[in-house]
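Here is how the chains run, residue by residue.
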Amino acid sequence: MRPVPRCAAQLEKQGSPHPSARPLIARVWPCGPPSASLPRPRTVPASLLVAALVPGSAAPAPRPAPRWPGWMAPQRRGPLRTPEGSGATERRRPSSTKKDRELRETWRGWLKTLGLGASVVLASILIWSSLGADDGVAEVLAHRDEILEGKFIEVPCSEDYDGHRRFEGCTPRKCGRGVTDVVISREEAERIRRVAEKGLSLGGSDGGASILDLHSGALSIGKHFVNLYRYFGDKIQTIFSEEDFQLYRDVRRKVQLTIAEAFGISASSLYLTKPTFFSRINSTEARTAHDEYWHAHVDKVTYGSFDYTSLLYLSDYLEDFGGGRFVFMEEGANKTVEPRAGRVSFFTSGSENLHRVEKVRWGTRYAITIAFTCNPDHGIEDPAFT
Ligand SMILES: O=C(O)CCC(=O)C(=O)O
Ligand SMILES: [Fe+2]
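Values in this document were obtained by computation on a predicted structure and should not be read as measured data. (Residues numbered from 1 in each chain as written. Chains lettered and ligands numbered in written order. Predicted model: local features only at pLDDT ≥ 70, side-chain atom pairs only at ≥ 80, totals over all residues. Heavy atoms only, no water.)

## Overview of the pattern of salt bridges
Going through the model one piece at a time under the given rule, you end up with 20 salt bridges. Taking the shortest distance from any N to any O, the salt bridge between Glu330 and Arg177 comes out at 2.6 Å. Of this pair, Glu330 sits in the loop between strand E11 (326-328) and strand E12 (334-337) while Arg177 sits in strand E3 (residues 175-180), and the two are 153 residues apart along the sequence. A residue is classified by how much of its surface remains accessible, and Arg177, at 3% relative accessible area, is buried. Between Asp382 and Arg252 there is a salt bridge, with its nearest N and O atoms 2.6 Å apart. (Salt bridge = Lys/Arg side-chain N within 4 Å of Asp/Glu carboxyl O. Helix = DSSP H or I, 4+ residues; strand = E, 2+ residues; numbered from the N terminus. Buried < 20%, exposed > 50% of the residue type's maximum accessible area, 1.4 Å probe, protein only.)

## Let's talk about the coordination of the iron ion (ligand 2)
Every protein donor of the iron ion (ligand 2) is accounted for by His297 (NE2), Asp299 (OD) and His355 (NE2), and the metal-donor separations fall at 2.1 to 2.3 Å. Along the chain, the residues donating to the iron ion (ligand 2) fall in the pattern H-x1-D-x55-H. For the residue pair His297 and Asp299, the accessibility class agrees, reading buried in each case. (Donors = N, O, S within 2.8 Å, 3.2 Å for Na, K, Ca; no water.)

## Regarding the site of ligand 1
Taken together, Phe277, His297, Asp299, Tyr303, Leu311, Tyr313, Phe326, His355, Val357, Arg365 and Thr369 make up all the residues around ligand 1. Here His297 contributes a side-chain N or O atom positioned 3.2 Å from an oxygen atom of ligand 1. Within the side chain of His355, an N or O atom sits 3.0 Å from an oxygen atom of ligand 1. Only helix H10 (299-303), strand E9 (308-313), strand E14 (355-357) and strand E16 (365-373) provide two or more residues apiece to the shell around ligand 1. (Near = heavy atom within 4 Å. Polar contact = N/O pair within 3.5 Å; in protein donor to acceptor, adjacent residues only side chain to side chain.)

## Thoughts on the confidence of the model for the protein chain
Taken residue by residue, the protein chain gives an average pLDDT of 78. The fraction at 70 or more is 71%. Below a pLDDT of 50 lies the segment residues 1-92, which in the model reaches 109 contacts outside its immediate sequence neighbourhood of four places, other chains included. In the model output, the complex is listed with pTM 0.70 alongside ipTM 0.99. (pLDDT = per-residue confidence, 0-100. Contact = heavy atoms within 4.5 Å.)

## Overview of empty space enclosed by the protein
To find leftover empty space, a probe the size of one water molecule is rolled over the atoms. Under the definition given, this model contains 3 cavities of 30 Å³ or more. Of the volumes computed, that of the second largest cavity is approximately 40 Å³. If you go around the second largest cavity, the residues you meet are Ser205, Ala209, Ser220, Gly222, Lys223, His224, Phe225, Thr288, His290 and Asp291. Those elements that provide at least two residues to the lining of the second largest cavity are strand E6 (218-222) and strand E7 (224-227). Split into classes, the residues belonging to the lining of the second largest cavity amount to 2 nonpolar, 6 polar and 2 charged. (1 Å grid on protein atoms, 1.4 Å probe; cavity = no way out; pocket = protein on both sides within 12 Å on 5 of 7 lines; lining within 4 Å. Points joined across faces, edges and corners; volume = space filled by probe spheres on them. Nonpolar A, V, L, I, M, F, W, Y, C, P; charged D, E, K, R; others polar.)

## Section: a nonpolar patch on the surface
Together, Leu103, Trp107, Trp110, Leu111 and Leu114 make up a nonpolar patch on the protein surface, roughly 650 Å² of accessible area in all. Relative to the assigned elements, Leu103 resides in helix H5 (residues 94-131). Judged by relative accessible area, which is 51%, Leu103 ranks as exposed. (Patch = residues over 30% accessible without salt bridge, like charges linked within 9 Å, V, L, I, M, F, W, Y side chains within 5 Å. Areas by Shrake-Rupley, 256 points an atom, 1.4 Å probe, with all protein chains shown as cover.)

## With respect to the state of the cysteines
By definition, a disulfide links the sulfur atoms of two cysteines through a covalent bond. On inspection of all chains with the given rule, the structure shows 2 disulfides. The disulfide partner of Cys157 is Cys175, and the gap between their sulfur atoms is 2.0 Å. Disulfide Cys157-Cys175: the torsion about the S-S bond is 105 degrees, which places it as right-handed. Within this pair, whereas Cys157 is found in the loop between strand E2 (151-155) and E3, its partner Cys175 is found in strand E3, the two being separated by 18 residues in sequence. Relative accessible area serves as the criterion here: at 29%, Cys157 is assigned to the partly exposed category. Judged by relative accessible area, Cys175 falls into the buried class, the value being 1%. Through a disulfide, Cys170 is tied to Cys374; the S-S separation comes to 2.1 Å. Sign of the S-S torsion, about -75 degrees for the bond between Cys170 and Cys374, identifies this disulfide as left-handed. (Disulfide = S-S within 2.5 Å.)

Here is the structure:
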């Protein structure tokens, strides 16, 4: 039996003779990290956390082997031990011994304070790294609570586009990433989220990640996918309405204009490409590779036709779900986008924008992936109410 392909690259290798028969979802979630040199998520052993939080709970450090003369030296610095009540030492240096004791007490106090302070700092660092930024996040590009009119950061283009046919005036020469909260209203986001909810309520993955692709009809069900349009036939007309599809078209058009403006290209040179899908992610454990949405990937590698990727978020980070932030991965300085309903995040699809999604820890996260190609041969029509 042939192994189930996990991504476009594996599908190509298997050479499926009927591209339309391929499980579309196999192109949706990436194969895995493209490079072995990617920063690995940092995890903190629980024992370390406990040790840092509870003074004295750390396992005793192994005692160094006795070494002459160092190991014995501290004993000579202290007062000489004499039989109790003999008073020999006191008689010899009474005032200096009292001072010594006071000095030792003071030092002990200082050391205790210092140790406690260090433990608190260490514990804070460990908690922060285990709960929040699980892969060395250094900077938040877009906070959930801020309303960004348009933030754009240019980054040098990778060479990924050279391996594909170039379309001057469209294929990225200027690369980067942008976030805007003013293109799609929260009300529109809520309406489109309801479309996602009703579609996904017809199925849903056994694992934590489900998709619904209104163009191809792919819908996660259990450990598989069905074609919604074939599976539900005419009943689909009672589930979705023409307004739902009109809403998708409006959103797509607005996002297309935003991308064209940000990258200084004509909107008419961009074509919607596949897959375009709603995603619903919760904290249920993954059951198949299709549920593993968190791997770092490059969209141009994963999906092939993508030149510009956009994500429209339909729920709020820390209100509807925890974890699940989008992370642009950069050496030593990852950048996060915290999802917010109505927030559009867009970027050129090459490896200049290697990214991943943090695992969702609680709640449910909804988003739509809408991408554009410069190659008209890879363009698709808007999803339609058939
Ligand atoms: O949902 C997201 O934030 C990102 C999804 C993603 O990376 C993708 O669809 O390729
Ligand atoms: Fe992606």
